[in-house]
Every structure is written in structure tokens, then in C-alpha cells.
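Spelled out from the first residue to the last, the chains are:
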Amino acid sequence: MKLSSLQKHILKQSWEDKRIKIPRNIFDSFYTKRKNPPPKDIRVNIITKSIERLIDKGLLIGIGEKTQHKLFINQVKLTPKGKKTAQALLGQQTEFPFRKRKK
């Protein structure tokens with residue numbers, strides 16, 4: 001399963017947090033490491049899309065409010081499949097961008 005770096009960050013943060021229901025404002029820390037982060041309103045939309053895609057993949061459960069026209073996700077919770085994926089992500093070594101030498 002292909003995951004973006006933000007989705008990996010969301011899963012890792014959810015796994016490392018001791019709470020069962022994790023508030024979504026924690027995931028904003030992904031952009032503190034960036035040199036030129038997007039504006040705040042765009043960040044919220046990007047994080048929402050990533051959370052919705054993780055929910056569609058069955059890795060997260062979204063908890064929030066549902067209005068007539070829209071769904072507001074305030075908290076998330078890991079599913080058993082999400083826990084396994086997060087553990088696998090934490091166990092992986094990062095790959096360095098080494099160039100292969102031509103012989």
C-alpha cells in the first residue's frame with residue numbers, strides 16, 4: 001500500500017500518542033519541519049484529505065460531527081490494520097538517496 005509522507009506521519013503520531021482518540025491538531029506538526037509550509041487554511045484542507053484517504057483505506061476511524069452537508073473530523077482512532085501498518089512504518093529503515101555508480 002502506497003502512503004504519502006503526511007499519511008505516514010499521521011499513522012506514526014497516532015501510534016506514538018498514548019490516547020485512544022487523538023485530536024487532529026497534533027498532525028499540524030508535520031509542517032513545522034518544512035522550510036516553506038503552505039498557509040494555515042490550505043494545511044487544514046491537506047490534512048483533512050489525508051485523514052479521509054486513510055479512513056477509506058481502513059487504517060483510521062474518524063470521530064466528529066456530521067451536518068446535513070458536511071462531515072467534520074475532530075478526532076481519529078487507529079484500527080487494528082492501522083496499528084499493524086504504523087508498527088511496520090516504525091520498523092522500516094529510511095533509505096538514503098545514494099547514487100548508483102556505473103561500472
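Residues numbered from 1 in each chain as written. Predicted model: local features only at pLDDT ≥ 70, side-chain atom pairs only at ≥ 80, totals over all residues. Heavy atoms only, no water.

Enquirer: How would you summarise the sheet that holds strand β2 (residues 60-66) if you had to cite specific residues and measurements?
Expert: Strands sit in the order β1-β3-β2 across an open sheet of three strands; the sheet is antiparallel. Edge strands, defined here as strands with exactly one partner in the open sheet, are β1 (22-23) and β2. Bridge count between β2 and strand β3 (residues 71-78): seven bridges; the pairing is antiparallel. Counted as the bridge partner of Gly64 is Ile73 from β3. Lying on the sheet, helix α1 (residues 5-16) is in contact with β1, β2 and β3; it crosses β3 at an angle near 60°. (Pairing = 2+ DSSP bridges. Helix = DSSP H or I, 4+ residues; strand = E, 2+ residues; numbered from the N terminus. Contact = heavy atoms within 4.5 Å. Axes fitted to C-alpha atoms, helices over the stretch in contact; angles between N-to-C directions.)

Enquirer: Can you explain the pattern of salt bridges? Please cite residues and give values.
Expert: Scanning the entire structure with this criterion turns up three salt bridges. Two residues, Asp28 and Lys40, come together in a salt bridge whose shortest N-O distance is 3.1 Å. Here Asp28, found in the loop between β1 and α2 (40-56), pairs with Lys40, found in helix α2; they are twelve residues apart in sequence, far enough to count as distant. Here Arg43 makes a salt bridge to Asp28, at a shortest N to O gap of 3.6 Å. Separated by 15 residues along the polypeptide, Arg43 in helix α2 and Asp28 in the loop between β1 and α2 bring together distant segments of the chain. Comparing Arg43 with Asp28 shows no difference in burial state: the two are buried. (Salt bridge = Lys/Arg side-chain N within 4 Å of Asp/Glu carboxyl O. Buried < 20%, exposed > 50% of the residue type's maximum accessible area, 1.4 Å probe, protein only.)

Enquirer: Can you tell me about the packing of α1 against α2, naming the residues and giving the values?
Expert: In contact at an axis separation of 10 Å, α1 and α2 are set at 70° when each is read in the N-to-C sense. Of the possible angle classes, the one that applies to α1 and α2 is roughly perpendicular. Each of Leu6, Gln7, Ile10 and Leu11 in α1 lies in contact with α2, whose residues at this interface are Ile46, Ile47, Ser50, Ile51, Arg53 and Leu54. (Parallel < 35°, antiparallel > 145°, perpendicular 65-115°, else oblique.)

Enquirer: Residues and numbers for α1, please.
Expert: Its twelve residues give α1 an end-to-end C-alpha distance of 16 Å, which sits within 8% of 16 Å, the value for a rise of 1.5 Å per residue. When we look at burial in α1, the residues that qualify are Leu6, Gln7, His9, Ile10, Leu11 and Ser14. Buried residues along α1 sit against β1, α2, β2, β3 and α3 (80-91). (Expected span 1.5 Å × (residues − 1).)

Enquirer: Describe the pairing of β3, naming the residues involved and giving the relevant values.
Expert: Of the strand pairs in this sheet, β1 and β3 are connected by two bridges, and their pairing is antiparallel. Residue Pro23 lies in a different strand from β3, and its bridge partner there is Gln75.

Enquirer: Quick rundown of α2? Include the residues and the values.
Expert: With 17 residues, α2 extends 25 Å from end C-alpha to end C-alpha; this agrees with the ideal 24 Å at 1.5 Å per step. Listed in full, the buried residues belonging to α2 are Arg43, Ile47, Ser50, Ile51 and Leu54. Around the axis of α2, the buried residues are gathered within 100° of arc, so they sit on the same side. Facing away from the buried side of α2 by more than 90 degrees, the exposed set consists of Asp41, Asn45, Arg53 and Asp56. Where α2 is buried, its residues contact α1, β2 and β3. Two residues or fewer past α2, Gly58 is found with a positive phi of approximately 85°. (Arc of directions from axis to C-beta.)

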